[in-house]
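An overview of the molecular structure
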Amino acid sequence: MGKLAVGALRAVLAVVLTGTVFVQASMVWALGHDPEDGSLPLTPLRVITILGMVAAQVALVCVWRLVAMVRRGTVFSPAAFRYVDGVIGAIVAAALLWFTVTAVNAPGQREDPGVTVIMGGIGLAILGVALIVLVLRMLLAQAVARDGEAARMRAELDEVI
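Residues numbered from 1 in each chain as written. Predicted model: local features only at pLDDT ≥ 70, side-chain atom pairs only at ≥ 80, totals over all residues. Heavy atoms only, no water.

**Focus: the layout of surface pockets**
Quantified by volume, the largest pocket comes out at close to 300 Å³. Lining of the largest pocket is provided by V63, L66, V70, V75, F76, V84, V87, V133, L136, R137 and L140. Among the elements of the structure, α2 (44–72), α3 (79–105) and α4 (114–160) are those that each provide at least two residues to the lining of the largest pocket. Looking at the lining of the largest pocket, the element that brings in the most residues is α4, giving four residues. Classifying every residue of the lining of the largest pocket gives 10 nonpolar, no polar and one charged. (1 Å grid on protein atoms, 1.4 Å probe; cavity = no way out; pocket = protein on both sides within 12 Å on 5 of 7 lines; lining within 4 Å. Points joined across faces, edges and corners; volume = space filled by probe spheres on them. Helix = DSSP H or I, 4+ residues; strand = E, 2+ residues; numbered from the N terminus. Nonpolar A, V, L, I, M, F, W, Y, C, P; charged D, E, K, R; others polar.)

Structure representation (structure tokens):
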């Protein structure tokens, strides 16, 4: 991975992470200083939004760490699995949160249930992304196993020579 690609990816990750932290801080400030007309300050959608941003932040940090491992050439090691698992967990959490939004929104869609069906389909698509990352994790596991096997063979060859 080239320096330009790594720099661009890190810039995007930093902007998104900063943006989500800013929005979370703004929401917490708004909860304490700007209550709506008699409504509870912590509505279900606000809680889901905050949790969704936490899931995104977990994924961003894990991708940042994986990019650092790519730059160092250590991504094909068992340590990378922790970060890939973090990304998978964050995506699954985002899907579950999306299904929760769908359930919260469903009673208001009684006259047009197609919106709820479409939202459910989006949730399934998010789970599909998690499955794609899981397949990529399996490929990483195979690459780590092959790398370990190649290292053992090199060591045996060095002994023979």
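After that view of the structure, there is still more to cover.
**Things to note about the packing of aromatic side chains**
According to the stated counting rule, one finds zero aromatic pairs in the structure shown. Cation over ring: R10 sits above W64, and NZ or CZ is 5.2 Å from the ring centre. (Phe/Tyr/Trp six-rings, centres within 6.5 Å; stacked < 30°, edge-to-face > 60°. Lys NZ or Arg CZ within 6 Å of the ring centre and 35° of its normal.)

**Observations concerning the pattern of salt bridges**
Counted by the stated rule, this structure contains one salt bridge. Here D85 and R137 are joined by a salt bridge, their closest N and O atoms 2.5 Å apart. Taken together, the positions of D85 in helix α3 and R137 in helix α4 put the pair 52 residues apart, joining distant regions of the chain. On the basis of relative accessible area, D85 is assigned to the partly exposed category, the value being 35%. (Salt bridge = Lys/Arg side-chain N within 4 Å of Asp/Glu carboxyl O. Buried < 20%, exposed > 50% of the residue type's maximum accessible area, 1.4 Å probe, protein only.)

**Brief notes about the confidence of the model for the chain**
Considering every residue of the chain, the mean pLDDT works out to 88; 93% of them sit at 70 or more. α3 holds the highest mean pLDDT among the elements of the chain, 95, whereas helix α1 (residues 3–33) holds the lowest, 86. (pLDDT = per-residue confidence, 0-100.)

**A closer look at the packing of α3 against α4**
Interaxial distance between α3 and α4 falls to 9 Å at its minimum, and their mutual angle equals 170 degrees. Regarding the angle of α3 to α4, the classification is roughly antiparallel. Within the contact of α3 with α4, the residues separate by chemical class into 25 nonpolar, five polar and two charged. (Axes fitted to C-alpha atoms, helices over the stretch in contact; angles between N-to-C directions. Parallel < 35°, antiparallel > 145°, perpendicular 65-115°, else oblique.)

**A word on α2**
For α2, spanning 29 residues, the distance from its first C-alpha to its last is 42 Å, which sits close to the expected 42 Å at 1.5 Å a residue. Buried within α2 are the following residues: I48, M53, A55, Q57, A59, L60, C62, L66, V67, A68 and M69. Directly beyond the C-terminal end of α2, a positive phi value near 80 degrees is found at G73. (Expected span 1.5 Å × (residues − 1).)

**Quick notes on the nonpolar core**
Grouped together as the largest cluster of nonpolar side chains are 15 residues, with contacts concentrated most on L66, M69, A80, V84, V133 and L140. Of all the elements in the fold, those that place two or more residues in this core are α2, α3 and α4. At seven residues, the largest contribution of residues to this core is made by α3. Apart from residues no more than four positions distant in its own chain, M69 is found in contact with T74, V75, S77, A79, A80 and Y83. (Core = buried A, V, L, I, M, F, W, Y, C linked by side-chain atoms within 4.5 Å. Contact = heavy atoms within 4.5 Å.)

**Quick word on the packing of α2 against α3**
α3 packs onto α2 with a crossing angle of 160 degrees between their chain directions and a minimal axis gap of 9 Å. Relative to α3, α2 is oriented roughly antiparallel. As for how α2 packs across α3, the hand of that crossing is left-handed. A class-by-class count of the residues in the contact of α2 with α3 yields 22 nonpolar, three polar and one charged. (Left-handed = near helix turned anticlockwise from the far one by under 90°.)

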